Each structure stands twice: as C-alpha cells, then as structure tokens.
Amino acid sequence: MTTIPQFVSQAREILGERGFISDPDLLEPWLTDWRGRFTGKALGLASPVHTQEVAAFVKLCGEHGVPIVPQGGNSGMVGGATPDEGGTSVLLSLRRMNTVRDFNVEAKQIVVDAGLVLQTLHEIVEEKGLRFPLTLGGKGSATIGGLIATNAGGTQVLRHGTMRAQVLGIEAVLADGQVFDALTTLKKDNRGFDLKQLLIGSEGTLGVVTGATLQLLPAIDQRVVAWVGVPSIHAARALLVRLENKFAEELEGFEVMPTHCLASVLHHLPDARSPLEGEHAWHALIELVVSNDAAQSTRERLETLLADELEAESIEDAVLATNERQAEDFWLLRDSVAPAEKEIAPAVQHDISVPVAKMPDFIEAAGPQVEDRFPGTRAVSFGHLGDGNIHFHVLAPSDAVRGEWERNEGKIISSFVYDLTTQWGGSISAEHGIGQMKIDELSRLNDPVALHLMRSVKKALDPRGLLNPGKLVAVDSDGLPSAA
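Thresholds, definitions, all that
Residues numbered from 1 in each chain as written. Predicted model: local features only at pLDDT ≥ 70, side-chain atom pairs only at ≥ 80, totals over all residues. Heavy atoms only, no water. UniProt positions renumbered as here; feature names shortened; annotations may be inferred. Helix = DSSP H or I, 4+ residues; strand = E, 2+ residues; numbered from the N terminus. Expected span 1.5 Å × (residues − 1). Contact = heavy atoms within 4.5 Å. Axes fitted to C-alpha atoms, helices over the stretch in contact; angles between N-to-C directions. Parallel < 35°, antiparallel > 145°, perpendicular 65-115°, else oblique. Nonpolar A, V, L, I, M, F, W, Y, C, P; charged D, E, K, R; others polar. pLDDT = per-residue confidence, 0-100. Core = buried A, V, L, I, M, F, W, Y, C linked by side-chain atoms within 4.5 Å. Buried < 20%, exposed > 50% of the residue type's maximum accessible area, 1.4 Å probe, protein only. Pairing = 2+ DSSP bridges.

As named in an unreviewed UniProt entry, the protein is FAD-binding oxidoreductase, taken from Altererythrobacter lutimaris. For the protein, the Cofactor (unreviewed entry) comment in UniProt is given as "FAD".

For the rest of this paragraph, the subject is the UniProt feature "domain: FAD-binding PCMH-type" (unreviewed entry) in the protein. Feature annotation in UniProt places "domain: FAD-binding PCMH-type" (unreviewed entry) on residues 38–219, given in this structure's numbering. Helix makes up 24% of residues 38–219 and strand 24%, with an end-to-end C-alpha separation of 39 Å.

Let's shift gears to helix α14 (residues 359–373). For α14, with 15 residues, the first-to-last C-alpha span of 21 Å sits near the 21 Å given by 1.5 Å per residue. Structurally, α14 contributes buried residues whose contacts are with α9 (233–246), β14 (282–290), β16 (347–353), β17 (378–384), β18 (389–395) and α16 (409–423).

This paragraph deals with the packing of α9 against α14. At a closest axis distance of 9 Å, the pairing of α9 and α14 adopts a crossing angle of 170°. It follows that α9 is roughly antiparallel to α14 by the angle criterion. Note on element contacts: α14 touches α9 through P360, D361, I363 and E364, opposite I233, H234 and R237. Of the residues in the contact of α9 with α14, the class split is three nonpolar, one polar and three charged.

Note that predicted coordinates carrying low pLDDT should not be read in detail. The pLDDT averaged across the protein works out to 93; a share of 98% of its residues lies at or above 70. The model gives residues 477–484 a pLDDT under 50, and that stretch makes 19 contacts with residues more than four places away or in other chains.

Let us look at the nonpolar core. In terms of nonpolar packing, the biggest core is built from 54 residues, with F254 and F392 touching the most fellow members. What F254 contacts, discounting residues up to four positions off in sequence, is L158, A236, L239, L240, L243, A284, L285, I286, G383, H384, L385 and G386. A11, L43, L116 and L136 belong to the second largest nonpolar core, which has 52 residues in total.

As a further point, take the pairing of strand β9 (residues 179–182). Here strand β8 (residues 167–173) pairs with β9 via four bridges, running antiparallel. Paired with A172 across the strands is F180, a residue of β9.

So this is what it looks like as structure tokens:
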C-alpha cells in the first residue's frame, strides 16, 4: 500500500522540489478562500510548469487515489478552490504556467497558459493595439484558467458576453491524465459535441484547464464614461433602455449601486469622493466605447440625452468623465463595492440573476421581504443591470457575531433568497459559480433532469470523483456522483 511519503516523493520527482511544497507555513495562504468562509487542509501544493507535468501529476494522483483541488488566483467567491478539512487532497496551482504560447495579431487571437493573470493579458494585448473584452475587480489575481473554469462574467457582459463567448479553443487534462487538445480554432466544425463548452464553467470537476485560445478585439480608441444619479432602480432601467436604443453599437457597460454601497466605498477608500453632489437613491455608471472620429459627436449625443432626462426629471444629476483618469476613478468606485461591503459588517452575499426586464421589480420586492422576515437585517443590491445579474447582499443586525451569524442565521437567509430567486425564474449563480457554498442549494432547487445529466457527465469523465470533490456536483460517500 502506498504511503503519503511515497506519494510526495513521486510528486517531487515529476515536479521538482519547487514544484511540490508541503511546508504548512507555505501552504497556509492557499487554504482559505477569499471571503474567509472556508478553510481546509491539504497534503501539499503542486505547481507544474507545463501541460505534460500537469498530465503526469494528475495521472499520479489517480494511481494513488489522491483528490485534486485546482486553484487559480484564489479569488473565487464560493469556496470552489478550497480543499475540505480531511487533509487528503492536494492543491494544483497553474500560476507558474503563465506564458503566451502564440499571438496572431492579424487574426486577433492569442493562445495562453491557464495560469496567466487577467491583468497581465490585458497589458500584453494592449501593446499590440488589441484588447480582451472581459474585466472584473479581481483582474490583478484572477487567472485565465480560473475564469474559464467558472465562466466568469464581469462588467462587459452587456455587450460581449461571459468568458464562454471569448474562448475559441481549450486544452485540458482529464481525470486519467489524458490531454484534451482543442486549441485550434475553426469557423465551422460539426464533428459532434462541442466538448470545450462542457469544460467551461465546470469548476475543475471534469478536467484541469491548462491553456486556451482567446478572441481579441481592436483596442478602444476612446470611451465616454458618465456617472448618473437616479431616484429609483426603475428609473435606472428606463435610462438603460433609452441608451440601448440610441447607442446600440457603443454601449458597453451599465452598472448600478444604491447610495449605501457608494457610502461604503467612500469609507473604504478614504481618498475617493462622490462624483455627484447631494444624495441619490441610486447611481448608474455608463460606458460607451467609440472610435476617435466619433468620440466628440458621441459625447455630445450623450450630453444631450442626459440633459433631456434631467429636464424631464427622469434623472437627478449627471457628470461625464473629462479624461481617462477620471473615468478610471469612476470605475474604481464600482469595482470596490465587494471589498468595501466585506469590511463593514457580517453579511451573506448572493450572486443571482433574474430575467433582465424583471430585475428592478425583483430588487424592490425581495429586499423588503428579506428585511421583514429577518428583523434587523438590511438588504443591499448592486450589479449589472443590463444582464440581470444582481449582487444581493444581506447585512447582519448590529449585534451579530461575525462568523457565527453567517454559519447559522445567514444560511437560513440564503435559502430564503434562493427560494425567491427561483420563484422569479432566476438562477442562484449568475457568475461566481456553485463551488462548495451553493452545492446543497443547487441539489435542492435545480431542475432534476439537469442535475441527472450533470451527474452522469461527472461519473463518465471522473468516475472516482477525484477532481475538485465537494464542488458543483454532489457525490456520495464512495466518491461517485450521488442521485440526491
């Protein structure tokens, strides 16, 4: 029977001394999720430098029955990259795999390792006059592999879609160590299932993404960014519809937040200031992307539209960024909402979606329902109004004990929120994934037929349940996908 020291020794033969660490002090930062909700244990952290090392290591884990927890930038929101407390699994990080394999500027395509950080990708392609049309607050740590595994969204989904829409090809190591190579892109390919799409969004439960071919776009010539104060979420929705009608080709971002979120951010960022004077129930952040030739006329058209809205009292105030620095300052306020809310009080956070047209109604209905059902709480919603993605946070009463409240009443509140979301025809996960945080709720609320299909795929591709166990797809005690 193989012992743990034998497994560790063989892992180091494959990966080298630097490629497999088991020192508790070095492991410690990677054992807790970004929100601090989940902490686990692991035999070690594997850090391969190329796909063949990943394949050899995954095969070794299969031979020894060692579970694998893939981890990107460890910036996930649902504990999807955190091991359990058993201490029998290994973390698999691809952060050392961070190279550009191929860059076809003319075709606007780039092939990268899965460990490349999103912000680094942005910088690389911008040097060639191109851009990758997906961004989010955690771009400085999020890796391409992690973004693919969770089918990340971000603030540009309104125009460009989620990560799934940006991936042209994929390379992944399967549970038995085989390499699935589908990096080559074809405009037409009708040879059966689109297997890369099966792996995108599977949270590392079906395979370990090691590389990807990504679609790029021409770099932005200029952008027109505005911050608008509106009296209600319905007024924000009406403004979005008017913008979509008049700026269909230019509108790239439309984010909303209530005054509470802005106040939290201003407290979190002491050097920041509100873009507008006075109090406004809701704030909208608008971004239009335009060519140099059209920039001035687009800016004037937006100014005219906002002036008309002010005159009609549909909005309360507005300001356009006068330069790129001010535009970045506006976006920093939006990107800082999650860390600011995390800082102020115990809370349970919900990344949910409802049909786009119903988002204002849901926000106005669900918030009071939660606050009535759970006295002392406060419901706060913000997010991507153009794609129906609501970040629905419920703040704890003032006397709540951090950690204890989330584990007890917080779980009851979350179940209530997910029940409401399901009743409205929505999803309990819009862009953060399921991880371990929502696995029970997915089993409880998702369509039974869809769950059966997911479990069947898991059983076919990972029959021993060694890839990211306890995440996304429920498994029973013998490691096989469960029926309940």
